[in-house]
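Single-letter residue listing:
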Amino acid sequence: MGNLAEQHSLLVRGLRKAYKDVTAVAGLDLDVCPGECLGLLGPNGAGKTTTLEICEGLLEPDAGRVELFGLSWNSHARELRQRLGIQLQETQLSEKLTVEETVRLFRSFYRNGPAVAEVIDLVELQEKHAARVGSLSGGQKQRLAMACALVGEPDLLFLDEPTTGLDPQARRQLWDLIANFKTGGRAIVLTTHYMEEAERLCDRVAIIDHGLIIAQGPPRELIASIGAVHMVEFSTGGASGTPDLECLSKLDGVHHVRVENGTFQLQVSELHRTVPALLDALDHSGVPLTELRTHSATLEDVFVSLTGRHLRDE
Amino acid sequence: MSDFAAIAPRTQAFAGRSLVELTLVRFREFWREPEAVFWVFIFPILLAAGLGLAFRNRPADVLNIGVSTPELARSLASEKSVAARTFTLAEGEQALRAGRIALLALPGANGGVVYRYDDTNPEGRLARFLVDQALQRAAGRRDPVPAGDELVREPGSRYIDFLIPGLLGMNLMGSGIWGIGFAIVDARRKKLLKRLIASPMSRAEYLLSFLFSRLVLLLFEVAALVGFGIWVFGVPLRAPLWELAFLCLLSSLSFSALGLLIASRVRTIEGASGLMNFVMLPMWVLSGVFFSAQRFPDVLQPFIKAMPLTAVVDALRGSMLQGARLPHLASELAVIAVWLVLSFIFALKLFRWR
């Protein structure tokens, strides 16, 4: 067992945590190996942040085991702090300090790590090194937070919604930074509710809902697990004759049919066979087609097919 | 973008680096907040200057009195400390009621004189004494014991002398409680405290950085206010300077511990402001900053004496104005020390980093 734990950057078994009458984490297992990026994907309130904060040693679990590099928080907190890089949701760094002063402060906490200027280069804030934190844009602040997480040259990086609230360009910039970090046997655990982020950055994704992992695996495998790689969505302009669900599910290559707000959604494996068959069937029954869309299946579709809800249902 | 793998780990220069950085952060945050600089350095000096001007020493007051006959006015002409005006009886009574004169002298039976005044008013009693003495002397009384006056108007007993140690105590309280409390609550509100404890930062060093920055700022704060008092108003400094420094140090630590206690759980700036004002307001009023705390009723005195600001202000006044040495200030020092120890112990017990 000890051997197994040492091979893991992070090992979590049977994790539970409840706040008063709300169960945030309801028995959760995780494994992260060196060089791996694990994404915790789930809607708001699924228990992602609570799980992360327990792993970061900021919260005590009610039950369960957490080991990082084979060490536990109870016995090796000091050493673990030196080896982790952490970025929290909603941290506001002091606005009156400059970028450089902030990085220098965090650098002073760690025994090992790159020079302050190097970390600033890494997150591409060199032009802003003398600017006050208060004057930075959202994306720049987030990259500064990333610099503070990277400054100790961590073996394991925890990122809690690193790109939430950023514009697409800033998001892509941060993705490059995170992808770059994985080289050299370092591990990452990140939470997100952007499926694109999970698909792009994560080697494995754990889909969390109501404090439990409901599916886990590489993004491609998860998408394949719903038995379809494409989604076909269409609507029929309302009342004038609706297509029969039974009929639709019997079309060539269709795995599953859902109706949501008057939109029909088909999970299909082969677009080039299903779409002509669908058009034929609609034409045959005289139902007008007002909208037709297809896209490759995403983790969002996996989540929808598992829970019947969307990731961002707020 | 440079490659992570290319970055070779470097060893940290020296172990105390983080404490130095944390302390520097404290200074930077202070200097870059112009309001804080104003309240800590400029405001006490403006207040001292304003009050010092308003209550500056004037020549001894001349008492206004009224008389109803020219003879009485003539008899009083040689008395410098009263100014006699002649009134009709009705006018005189009117002036007495309105407080424009402290006493009305009327001719009495058998060539005597009657004084009409309010005996609960100190000015009235003083006027009675002065006027009577002047009239008796004018009528030929000779004092059996010859007496002369030697006037002493010495620094140390003026209002500005009383005020400077009071303002110093108030400033130590304000900067200790605000300086520590506000910064910590603000960091907790911004989740910065949480982020810091997620790093390997030493929690003790974080708190020590507040202590060190406080001590350095204290030096400038005390020097500015006391220096101003000495330079502009000639306020005395009768005990050794190091004893004043020790008193300021102990007081500042005590108020800082109180600030830490106040900030131990609060999560919002509003909550912190409310709690701080709740703690400080009674002391501003009761602790004798602007006037002697002896003016409050006796039942309140034990409570007032137990307040840290009362002890601080009394000790500072004793040291600066009377030249009292530390052993003579033992009871005040004990009150300050008890507040320091209790606040610090409770603050550590209650403190939440999240």
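Residues numbered from 1 in each chain as written. Chains lettered and ligands numbered in written order. Predicted model: local features only at pLDDT ≥ 70, side-chain atom pairs only at ≥ 80, totals over all residues.

**Q** Which residues make up the overall build of chain B, and what values go with them?
**A** Scanning chain B from N- to C-terminus turns up 13 helices and 5 strands. Computed over its C-alpha atoms, the radius of gyration of chain B comes to 30 Å, more than 25% above the 20 Å expected for a compact globule of 354 residues. Here the C-alpha coordinates of chain B stretch approximately 115 × 40 × 40 Å along the principal axes. The buried share of chain B, taken over its 354 residues, is 35%. In chain B, the share of contacts with a sequence separation of at least 24, taken over all contacts with a separation of at least 6, comes to 73%. (Helix = DSSP H or I, 4+ residues; strand = E, 2+ residues; numbered from the N terminus. Rg over C-alpha atoms; globule rule 2.2 N^0.38 Å. Buried ≥ 20, exposed ≤ 12 C-beta atoms within 10 Å, placed from the backbone. Contact = placed C-beta atoms within 7 Å.)

**Q** Explain the overall build of chain A to me, using residue names and the numbers behind them.
**A** Check the secondary structure of chain A and you find 12 helices and 14 strands. If one aligns the C-alpha atoms of chain A with their principal axes, the spans along those axes are about 75 × 50 × 40 Å. Put simply, chain A has 314 residues, and 44% of those count as buried. Across chain A, the fraction of contacts at a sequence separation of at least 24, relative to all contacts at a separation of at least 6, is 70%.

**Q** Give a detailed account of the interface of chain B and chain A, specifying residues and quantitative values.
**A** Contacts between chain B and chain A engage 27 residues on the former and 36 residues on the latter. When contributions to the side of chain B that touches chain A are tallied by element, the ones reaching two or more residues are β1 (10-11), α1 (17-31) and α7 (192-197) of chain B. Per element, the largest residue contribution to the side of chain B that touches chain A is 7 residues, and it comes from α1(B).

**Q** Explain the environment of F109(A) to me, using residue names and the numbers behind them.
**A** As for its position among the elements, F109(A) is in the loop between α4 (99-107) and β6 (112-113). A residue is classified by how many C-beta atoms lie within 10 Å of it, and F109(A), with 23 of them, is buried. Along the sequence, F109(A) and G152(A) sit 43 residues apart, while their C-alpha atoms lie 8.0 Å from each other. When near neighbours in sequence (up to four residues on either side) are disregarded, F109(A) contacts S18(B), S199(B), P200(B) and M201(B).

**Q** How would you sum up the sheet that holds strand β2 (residues 63-67) of chain B? Please name residues and give values.
**A** Residues and elements named next belong to chain B. The strand order across the open sheet formed by 4 strands is β3-β2-β4-β5, and the pairing between neighbours is mixed. At either end of the open sheet lies a strand with only one pairing partner, and these are β3 (82-86) and β5 (113-116). Between one strand axis and the next, the sheet turns by 25° as a mean value, whatever way the strands run. Alignment of β2 against strand β4 (residues 103-107), held across 3 bridges, turns out to be parallel. The residue of β4 that forms the bridge with G66 is L104. With respect to the sheet, helix α5 (residues 122-138) is in contact with β2, β3, β4 and β5, its orientation differing from that of β2 by roughly 60°. (Pairing = 2+ DSSP bridges. Axes fitted to C-alpha atoms, helices over the stretch in contact; angles between N-to-C directions.)

**Q** Mind laying out the pairing of β2(B), listing which residues take part and the relevant values?
**A** Each regular strand carries side chains that alternate between the two faces of the sheet. Residues and elements named next belong to chain B. Pairing between β2 and β3: 5 bridges, direction parallel. By the bridge assignment, G66 is partnered in β3 with R85. Regarding topology, helix α3 (residues 70-76) serves as the crossover connection from β2 to the parallel β3, and that connection is right-handed. (Right-handed = clockwise from strand over helix to strand, strands pointing away.)

**Q** Before we move on, can you summarise the nonpolar core with the specific residues and values?
**A** Formed by 154 residues in total, the largest nonpolar core has its most connected members in L10(A), A147(A) and V189(A). When residues in this core are grouped by element, the largest group, 16 residues, is from helix α6 (residues 159-189) of chain B. Apart from residues no more than four positions distant in its own chain, A147(A) is found in contact with V103(A), V119(A), I120(A), L122(A), V123(A) and L125(A). I101(B), L104(B), A105(B) and V131(B) belong to the second-largest nonpolar core, a separate cluster that totals 14 residues. (Core = buried A, V, L, I, M, F, W, Y, C linked by C-beta atoms within 7 Å.)

**Q** Kindly report on unusual backbone geometry, identifying the contributing residues and their values.
**A** Even without glycine at this site, E161(A) takes up a positive phi of about 50°. Note on placement: E161(A) falls in the loop between β7 (156-160) and α7 (168-181). Despite not being glycine, K191(B) shows a phi value in the positive range, around 65°. Within the secondary structure layout, K191(B) lies in the loop between α6 and α7. Here K191(B) falls in the partly exposed class, since 17 other C-beta atoms lie within 10 Å of it.

**Q** Now, about the sheet that holds strand β10 (residues 212-217) of chain A: what can you tell me, with residues and values included?
**A** Residue and element names in this part refer to chain A. Strand order across the open sheet formed by 6 strands is β5-β7-β8-β3-β9-β10, with mixed pairing between neighbours. Lying at the two open borders of the sheet, with one neighbouring strand each, are β5 (84-87) and β10. On average, each strand axis in the sheet is inclined to that of its neighbour by 15°, with strand direction left out of account. Two strands pair when backbone bridges link them, and strand β3 (residues 37-41) and strand β9 (residues 204-209) are joined in this way by 4 bridges, in the parallel orientation. What sits directly across from L40, in β9, is A206. Lying over the sheet, helix α6 (residues 138-150) contacts β5 and β7, oriented at roughly 160° with respect to β5.

**Q** Explain the packing of α4(A) against α6(A) to me, using residue names and the numbers behind them.
**A** Residues and elements named next belong to chain A. Where α4 meets α6, the closest approach of the two axes is 8 Å, and the angle between their N-to-C directions is 25°. Judged by the inter-axis angle, α4 sits roughly parallel to α6. With respect to the hand of their crossing, α4 and α6 are arranged in right-handed fashion. Facing α4, whose interface residues are V99, T102, V103 and F106, α6 presents L144, A147 and C148. (Parallel < 35°, antiparallel > 145°, perpendicular 65-115°, else oblique. Left-handed = near helix turned anticlockwise from the far one by under 90°.)

**Q** An account of the pairing of strand β8 (residues 187-192) of chain A is requested, with residue identities and associated values reported.
**A** Residues and elements named next belong to chain A. Counting buried positions along β8 yields 6 of 6 residues, so the element is predominantly enclosed. In terms of strand pairing, β3 meets β8 through 5 bridges, oriented parallel. Residue pairing for β8: L38 is matched across the bridge by V189. Here 5 bridges tie β7 to β8, and the two strands are oriented parallel to one another. Note that in β8 the partner of D160 across the bridge is T191.

**Q** Can you explain α7(A)? Please cite residues and give values.
**A** Given 3.6 residues to a turn, an α-helix orients residues that are three or four positions apart in the same direction. All names here are of chain A. Here α7 is 14 residues long and its end C-alpha atoms lie 20 Å apart, about the 20 Å a rise of 1.5 Å per residue gives. Within α7, the full set of buried residues consists of L174, L177, I178 and F181. Buried residues of α7, seen end-on, are gathered within an arc of 95° and therefore sit on one face of the element. Facing away from the buried side of α7 by over 90 degrees, the exposed positions are P168, Q169 and D176. Where α7 is buried, its residues contact α6, β7, β8 and α8 (195-201). (Expected span 1.5 Å × (residues − 1). Arc of directions from axis to C-beta.)

**Q** An account of the confidence of the model for chain A is needed here, citing residue identities and associated values.
**A** Averaged over all residues, the pLDDT of chain A equals 87, while 95% of them reach at least 70. Looking over chain A, one finds the lowest element-wise mean pLDDT in helix α1 (residues 2-7) of chain A, namely 55, and the highest in α4(A), namely 95. (pLDDT = per-residue confidence, 0-100.)

**Q** Account for the environment of T88(B), with residues named and values stated.
**A** Residues and elements named next belong to chain B. Note that T88 resides in the loop between β3 and α4 (89-98). Overall, T88 belongs to the exposed group, with 10 C-beta atoms counted inside 10 Å. Linking T88 and T69, residues 19 residues apart in sequence, is a C-alpha distance of 8.3 Å.

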